[in-house]
Amino acid sequence: MAGSSSGSRAAAGRMTLSDQRSGDSWELDVFDGTLGPSVIDFQNFYAKSGHFTFDPGFTSTGSCESRITFIDGENGILLHRGYPIEELAADSDYLEVCYLLLHGELPTPAEKAEFDDIITHHTMVHEQLRYFYRGFRRDAHPMAIMCGVVGALSAFYPDTTDIADPRQRLIAAHRLVAKMPTLAAMAYKSSVGQPYMYPRNDLTYAENLLFMTFGVPAEDYEPNPVLARAMDRILILHADHEQNASTSTVRIAGSSGANPFACIASGIASLWGPAHGGANQAVMAMLREIGSKERIPEYIARAKDKSDPFRLMGFGHRVYKHYDPRATIMRQSCHEVLDELGIRDEPLLGIAMELERIALEDDYFIEKKLFPNVDFYSGVTMRALGFPETMFSVLFAVGRTVGWISHWKEMVEAPQRRIDRPRQLYTGAEKRHYVPLDRRA
Ligand code: SDX
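Residues numbered from 1 in each chain as written. Predicted model: local features only at pLDDT ≥ 70, side-chain atom pairs only at ≥ 80, totals over all residues. Heavy atoms only, no water.

K.L.:
What should I look at first to understand the sheet that holds strand 4 (residues 25–31) in this one?
P.N.:
Strand-to-strand pairing in sheets goes through backbone hydrogen bonds, with the strands running parallel or antiparallel. Strand order across the open sheet formed by three strands is 3-4-5, with antiparallel pairing between neighbours. In this open sheet, the two edge strands, each paired with only one partner strand, are strand 3 (13–18) and strand 5 (39–40). Here two bridges tie strand 4 to strand 5, and the two strands are oriented antiparallel to one another. Considered in strand 5, the bridge of Val 30 is made with Ile 40. (Pairing = 2+ DSSP bridges. Helix = DSSP H or I, 4+ residues; strand = E, 2+ residues; numbered from the N terminus.)

As structure tokens, then:
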């Protein structure tokens, strides 16, 4: 059905909204995407109607148009630029996924070689950053360090903060993807009092992350290909996920024209929350608290008890009302790592698998469509790789940086960029006048 168009987009149809109190009605354009739900264009609704839309938590709100990632939560589908996550996790590598997310197409062999070389030669950080790390207490949470250090990068790389310059935007993206593993490893080394390891150009991206974290100057380091592959896959699984909380934070920060480093730092801050990227660390704490398979029913009951704030960490998702496809791949990777390390009866994995089995058979979880998400198995895997639990969200941030910067780039380059400025339903005090202190009770 032809319809009016809003900006450059032709409407696929129209919806009529009517106010039963006033009798007013409004015609709203409907736009179709390539995949997924259509959207109703409310961009000028306030100007037409004097009403705001109201959607705390944005459960029914499309905040932008994007071509990067598509999620079908009902069917457990995740596509990056159209490619299924299962195929990318099986056949690609993290830097190729970075290229795909940033540029929209899989690279040719020459493009891939060039991109890998560019990233490899951006992995070192400004030498003065070492002194920045010394300002943190030894027991500082690595995510606190990452928030601070990444936000400070604009002070070390001011030559890539002009967001109007496409070349600077691209170099900033390359710098962020390349330097996050180095910064993450430095945060870990700070916490254990070991010397920082410079990146090695003869190692892959994932091998370098493991080397800079666990290598020491006193010994040679030989990467384990199985563990490096698992690390690379963890990064792929965390690379991007549509308009999640931290990505939306990056987009909102970027909409004001803030520099890319500050925007990514805001994404790290948002990711840290236990309901989001902090869940992997919370899953491990939960599994340790449960302590044995025998106590699982007690915790399942607590998760169902409305008066108990306890929730099954690693379960549930705002979008996935089916199995998170990343969780399936993560579980397989977890077993590969434990097998490679000869960890047969890892107790927390045993509890995790039994908890998953019981929950998936429980009517409460079935009815509420609560399935394991990417965080449920990632923690056991990352701990088996040798990372302390405080580093789990940092690894999530390393993987997600390319998603954040791809969305930031898409937002900055959008033809109709505007500052994001939502409104509200105000239920506070009506207008009243100031009472001087000596006249108050
Ligand atoms: C990530 O958005 C993304 O894409 C995020 C992410 C990404 O890649 O960026 O996928 C990464 O953040 C994964 C999610 C990690 N978080 C956790 O595992 C924490 C535990 N999960 C919950 O906090 C919760 O499921 C959320 C936050 C993930 C989703 O919350 P929603 O969509 O707001 O759902 P909700 O809180 O409205 O819950 C719906 C119902 C509620 O019951 P009712 O009020 O309807 O009776 O389900 C219940 C909730 O009580 N519920 C749970 C539960 N999650 C939801 N009950 C027990 N255990 C849980 N984990």
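K.L.:
Hey, could you run me through the side chain of Ser 393 in this one?
P.N.:
As for its placement among the helices and strands, Ser 393 is situated in helix 18 (residues 392–412). In this structure, Ser 393 is in contact with Met 143, Leu 271, Gly 277, Gly 278, Asn 280 and Gln 281, ignoring residues within four places of it in sequence. (Contact = heavy atoms within 4.5 Å.)

K.L.:
Teacher, can you tell me more about helix 6 (residues 142–156) here?
P.N.:
Since there are 3.6 residues in each turn of an α-helix, residues three or four apart along the chain are aligned in direction. Across its 15 residues, helix 6 extends 20 Å between first and last C-alpha, which sits within 8% of the 21 Å expected from 1.5 Å per residue. Against helix 5 (129–134), helix 7 (166–192), helix 11 (260–271) and helix 18 lie the buried residues of helix 6. (Expected span 1.5 Å × (residues − 1).)

K.L.:
Before we go on, may I ask you to explain helix 7 in this structure?
P.N.:
Counted at 1.5 Å a residue, the expected span for helix 7 with its 27 residues is 39 Å, and the 39 Å between its end C-alpha atoms agrees. The axis of helix 7 is deflected most strongly, by about 40 degrees, at Lys 179, and proline Pro 181 appears within four residues downstream. Among the 27 residues in helix 7, 22 count as buried, and that is most of the element. Put simply, Asp 165 is the residue that caps the front of helix 7, since its side-chain oxygen is 2.8 Å from the backbone nitrogen of Arg 167. At the C-terminal side of helix 7, Gly 193 shows a positive phi close to 70 degrees. (Bend = angle between axes of the 7 residues up to and from the residue. Buried < 20%, exposed > 50% of the residue type's maximum accessible area, 1.4 Å probe, protein only. Polar contact = N/O pair within 3.5 Å; in protein donor to acceptor, adjacent residues only side chain to side chain.)

K.L.:
Help me out: how do you make sense of the packing of aromatic side chains in this one?
P.N.:
Remark: the centre distance and the inter-plane angle together describe each pair of aromatic rings, the angle taken between the planes. For the coordinates displayed, the defined rule picks out 17 aromatic pairs. A ring pair is formed by Tyr 46 and Phe 52, whose centres lie 4.7 Å apart and whose planes are at 35 degrees; its orientation type is tilted. We classify Phe 52 as partly exposed; its relative accessible area is 32%. Each ring, one from Tyr 364 and one from Phe 365, has its centre 5.2 Å from the other, and the planes form 75 degrees; the classification is edge-to-face. Among the residues examined, Tyr 364 registers a relative accessible area of 16% and is labelled buried. Linked through ring pairs, Phe 315, Tyr 364, Phe 365, Phe 376 and Tyr 377 together constitute an aromatic cluster. Between Arg 200 and the ring centre of Phe 211, over which it is positioned, the NZ or CZ distance is 5.1 Å. (Phe/Tyr/Trp six-rings, centres within 6.5 Å; stacked < 30°, edge-to-face > 60°. Lys NZ or Arg CZ within 6 Å of the ring centre and 35° of its normal.)

K.L.:
Sorry if this is basic, but what is going on with the sheet that holds strand 8 (residues 83–84) here?
P.N.:
Taking strand neighbours across the sheet as the criterion, the three strands line up as 6-7-8 in an open arrangement whose pairing is antiparallel. In this open sheet, the two edge strands, each paired with only one partner strand, are strand 6 (69–72) and strand 8. Pairing geometry for strand 6 and strand 7 (residues 77–80), over four bridges, is antiparallel. By the bridge assignment for strand 7, Asp 72 is matched with Ile 77.

K.L.:
Is there a simple way to explain the site of the ligand in this structure?
P.N.:
Taken together, 24 residues lie near the ligand, and His 241, His 317, Arg 318, Arg 326 and Arg 400 sit nearest. Between the ligand and the protein, one listed contact pairs a nitrogen atom with a backbone N or O atom of Ala 275 at 2.9 Å. Between the ligand and the protein, one listed contact pairs an oxygen atom with a side-chain N or O atom of Arg 326 at 2.7 Å. Considering the ligand on its own, with 1100 Å² of exposed area, one finds that the protein chains cover 77% of that surface. (Near = heavy atom within 4 Å. Areas by Shrake-Rupley, 256 points an atom, 1.4 Å probe, with all protein chains shown as cover.)

K.L.:
Looking at this model, I keep getting lost on the pattern of salt bridges. Mind explaining?
P.N.:
Opposite charge on two side chains allows them to pair when their charged atoms are near. Considering all chains together, one arrives at 25 salt bridges under this definition. Residue Arg 326 is joined to Asp 324 by a salt bridge in which the shortest nitrogen-to-oxygen separation is 2.7 Å. The exposure class assigned to Arg 326 is buried, which follows from its relative accessible area of 2%. The class of Asp 324 is buried, set by a relative accessible area of 1%. The partner of Glu 413 in a salt bridge is Lys 409, and the shortest N-O contact between them spans 3.5 Å. Residue Glu 413 is classed as partly exposed on the basis of its relative accessible area, which comes to 36%. You can call Lys 409 buried: its relative accessible area is 13%. It is possible to trace a salt-bridge network through shared partners that takes in Arg 14, Glu 27 and Asp 29. (Salt bridge = Lys/Arg side-chain N within 4 Å of Asp/Glu carboxyl O.)

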